[in-house]
Amino acid sequence: VPAGDGASDANATAYAFMILTRIGASGSYPGLDVMLRSARSWLLVHQESDGGWTGVSVNDDDARNHSFMKDLASGLAVRGLKTNWLALRERFGSAE
């Protein structure tokens with residue numbers, strides 16, 4: 001999901017990923033699987049070495065804000081990935 005500078009942002013990508021996952025759970029929509037794979041792939045590729053994701057804020061550019069946005073982006077990314085994993089598990093059955 002493009003941010004203001006044309007780059008993607010973990011916050012927006014994770015939000016979109018969760019919404020698309022919920023839409024997919026309610027029915028089949030053309031092109032949805034491609035969008036879900038793209039969002040999942042973006043999140044996995046952009047995960048940082050410390051396990052988190054960086055978020056972008058439109059507010060003040062200070063250290064506290066960077067820390068908050070990283071926490072928010074990481075929480076949203078994990079929630080989005082888990083929501084998607086649970087939906088896939090329900091759709092295709094458990095691998096257990």
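Numbering of residues begins from 1 in every chain and follows the order in which that chain's sequence is written. Since the coordinates come from a predicted model, pLDDT governs what is reported: local features require at least 70, and pairs of side-chain atoms require 80 or more to be given and counted, while whole-chain, interface and lining totals use all residues. The side-chain figures draw on all heavy atoms in the structure; neither hydrogens nor water molecules are used.

## Some thoughts on the nonpolar core
Stated precisely, the cut-off is as follows: Residues enter a nonpolar core if they are buried and are Ala, Val, Leu, Ile, Met, Phe, Trp, Tyr or Cys, with the set joined through side-chain atoms within 4.5 Å. Relative accessibility decides the category of a residue: with a 1.4 Å probe and only protein chains considered, values under 20% of the type maximum give buried, values over 50% give exposed, and everything between is partly exposed. By the criteria applied, helices consist of DSSP H or I runs no shorter than four residues and strands consist of E runs no shorter than two, each listed in order from the N terminus. Here, two residues are considered to be in contact whenever any of their heavy atoms come within 4.5 Å of each other.
One finds Ala10, Phe17, Leu20, Leu32, Leu36, Ala39, Trp42, Leu43, Trp53, Ala73, Ala77 and Leu81 forming the largest nonpolar core, which totals 12 residues. If you list the elements that add at least two residues to this core, you get α1 (10-25), α2 (32-45) and α3 (63-92). The element that contributes the greatest number of residues to this core is α2, accounting for five residues. For Ala39, the residues in contact, after removing those within four places along its chain, are Thr13 and Phe17.

## A few points about a nonpolar patch on the surface
Just so we agree on the cut-off: In this analysis, a patch consists of residues with relative accessible area above 30% that form no salt bridge, clustered at 9 Å for like charges and at 5 Å for the nonpolar side chains Val, Leu, Ile, Met, Phe, Trp and Tyr. Computed by Shrake-Rupley with a 1.4 Å probe, the accessible areas treat only the displayed protein chains as cover when residues are assessed. For this analysis, a salt bridge means a side-chain nitrogen from Lys or Arg found within 4 Å of a carboxyl oxygen belonging to Asp or Glu.
Together, Ile19, Ile23 and Tyr29 make up a nonpolar patch on the protein surface, roughly 280 Å² of accessible area in all. Inspection of the secondary structure puts Tyr29 in the loop between α1 and α2. The class of Tyr29 is partly exposed, set by a relative accessible area of 42%.

## So, the confidence of the model for the chain
Quick reminder of the rule: Per-residue confidence from the predictor is given as pLDDT, running between 0 and 100.
With 90% of its residues at a pLDDT of 70 or more, the chain shows a mean pLDDT of 84. Mean pLDDT across the elements of the chain ranges from a minimum in α3, with 87, to a maximum in α2, with 92.

## A few points about the pattern of salt bridges
For the coordinates displayed, the defined rule picks out two salt bridges. A salt bridge links Lys70 to Glu48, with the nearest nitrogen and oxygen atoms 2.4 Å apart. One end of the pair, Lys70, is in helix α3; the other, Glu48, is in the loop between α2 and α3, with 22 residues separating them in the sequence. Residue Lys70 pairs with Asp50 through a salt bridge whose shortest N-O separation is 3.2 Å. Here the residue Lys70 occupies a position in helix α3, and Asp50 occupies one in the loop between α2 and α3, the gap between them amounting to 20 residues. A relative accessible area of 53% means that Asp50 is categorised as exposed. When salt bridges with common partners are traced through the structure, they connect Glu48, Asp50 and Lys70 into a single cluster.

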